[in-house]
Amino acid sequence: MTSKQKRKIKNNLVGYSFILPNLIGYTIFIFLPVCFSLILSVMEWDGSRNPMVFVGLENFKRLINDSTFRISFVNTIKYAIFTVPITVVASLLLAVLLNKKIKGIAVFRTSFFFPYIASLVAVGAVWNMLFQPEYGPINNFLRMIGIANPPRWVVSTKWAMMAVIIVSIWKFMGYYMIVYLAALQGISPALYEAASIDGANGWRKLRYITIPLLTPTTFFVMMMLTIQCFKVFDLIYVMTGGGPGRSTNVLVNFIYNSAFVKFEFGYASAAAMVLFVIVLVVTLIQFKGEKKFVKYM
């Protein structure tokens, strides 16, 4: 081997040594469990010492006829449809409002970001108290402004999902506000100065400068939020447990109950594979539509 080839191999080994710890962790905690889940999806197993039984596509056929799975799928879509656009708009507006060089602005930025790092269990418990139908502050305020019969929120099949959506937007918009703030810092002030000279007001600057230049960031935020919405579990588990009835039961709730309540690990793995395919298809559609999205914006 020539000295150049030896140097190249040495450089490659150095590079691989840096990514090896992360690669090992990814293999052990993500890749291998996904492979095992794929195998388990065509098996019937209760998680005990009883042997696995190969059932082929029976688990997937059962999913098609399972009304709880269909309701969970619809609930997940409903949650994503409301959460994603509202969070994107709220995050963008917050970022624009807080992208000012004024005294104390860091306090406001921290205040809006704090919900994202707060304990999710604590967040869910506090919001449940706020949404309490009889004595909660939110309903007391609604009665004070003239609404005689305010929603019963988390104990109502009609309003429980909306309550979860409100809390989700409140919790996650601070994080994506920071993402937008970082992108706003990269826009040259000269563009706004030129627009001011041409007589553009604040709305026109937002419409024709800020929003178009933030298109790649908006696409990233929408993609991450969509994936996050399809994987939602913890907040719903803390606030409603999937109830009342099945009104807030989402796909990950369905997978959890199938595996750790009913001990149908093969059936739960089949549902997990369906969720994986759904997230993959949504992601591919988003990537494919990125150019059209950028052109439209």
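Provided above is the structure to which this section pertains.
Predicted, not measured: the structure shown is a model, and the values here were computed from it.

1. A short note on the layout of surface pockets
Point 1. Quantified by volume, the largest pocket comes out at close to 670 Å³.
Point 2. As for the largest pocket, its lining consists of 22 residues, of which Val 34, Ser 37, Ala 272, Met 273 and Phe 276 are closest to the centre.
Point 3. Only helix H1 (3-40), helix H12 (251-260) and helix H13 (265-288) provide two or more residues apiece to the lining of the largest pocket.
Point 4. With eight residues, the single largest contributor to the lining of the largest pocket is H13.
Point 5. Of the residues in the lining of the largest pocket, the class split is 19 nonpolar, two polar and one charged.
Point 6. Each pocket or cavity is described by its volume, and for the second largest pocket that value is around 480 Å³.
Point 7. Forming the walls of the second largest pocket are 15 residues, and the residues nearest its centre are Val 96, Asn 99, Lys 100, Leu 184 and Tyr 192.

2. Notes on the nonpolar core
Point 1. Ranked by size, the top nonpolar core spans 47 residues in total, and within it Tyr 79, Phe 131, Val 167, Tyr 180, Leu 214, Val 221 and Met 239 carry the most contacts.
Point 2. Among the secondary structure elements, those contributing two or more residues to this core are helix H3 (67-97), helix H5 (120-130), helix H7 (160-184), helix H9 (202-213), helix H10 (215-230) and helix H11 (234-239).
Point 3. A total of 15 residues in this core trace back to one element, the largest contributor, which is H7.
Point 4. Once you skip the residues sitting within four places of it in the chain, Leu 214 turns out to touch Leu 92, Tyr 180, Ala 183, Leu 184 and Ile 187.
Point 5. In terms of nonpolar packing, the next biggest core, distinct from the first, is built from 20 residues, Leu 40, Phe 254, Ile 255 and Ala 268 among them.

3. Describing the packing of aromatic side chains
Point 1. The tally for this structure, following the rule as stated, stands at 17 aromatic pairs.
Point 2. Look at Phe 113 and Tyr 116: their rings are 5.9 Å apart centre to centre, the planes differ by 40 degrees, and that puts the pair in the tilted class. One end of the pair, Phe 113, and the other, Tyr 116, are both in helix H4 (residues 105-117), three residues apart, so they sit about a helical turn from each other.
Point 3. Ring centres of Phe 233 and Tyr 256 lie 5.3 Å apart, and the angle between their planes is 45 degrees; on these two criteria the pair is classed as tilted. Of this pair, Phe 233 sits in the loop between H10 and H11 while Tyr 256 sits in helix H12; the two residues are 23 residues apart in sequence, bridging distant segments of the chain.
Point 4. Each member of the aromatic cluster is reached from another via a ring pair, and the members are Trp 45, Phe 233, Tyr 237, Tyr 256, Phe 260, Phe 263 and Phe 265.
Point 5. Directly above the aromatic system of Tyr 267 lies the positively charged group of Arg 62, at a separation of 3.8 Å from the ring centroid.
Point 6. The ring of Tyr 208 carries Arg 207 above its face, with NZ or CZ at 5.3 Å from the centroid.

What counts, and where the lines are drawn
- Residues numbered from 1 in each chain as written.
- Predicted model: local features only at pLDDT ≥ 70, side-chain atom pairs only at ≥ 80, totals over all residues.
- Heavy atoms only, no water.
- 1 Å grid on protein atoms, 1.4 Å probe; cavity = no way out; pocket = protein on both sides within 12 Å on 5 of 7 lines; lining within 4 Å.
- Points joined across faces, edges and corners; volume = space filled by probe spheres on them.
- Helix = DSSP H or I, 4+ residues; strand = E, 2+ residues; numbered from the N terminus.
- Nonpolar A, V, L, I, M, F, W, Y, C, P; charged D, E, K, R; others polar.
- Core = buried A, V, L, I, M, F, W, Y, C linked by side-chain atoms within 4.5 Å.
- Buried < 20%, exposed > 50% of the residue type's maximum accessible area, 1.4 Å probe, protein only.
- Contact = heavy atoms within 4.5 Å.
- Phe/Tyr/Trp six-rings, centres within 6.5 Å; stacked < 30°, edge-to-face > 60°.
- Lys NZ or Arg CZ within 6 Å of the ring centre and 35° of its normal.

None of this, on its own, says anything about what the molecule does.
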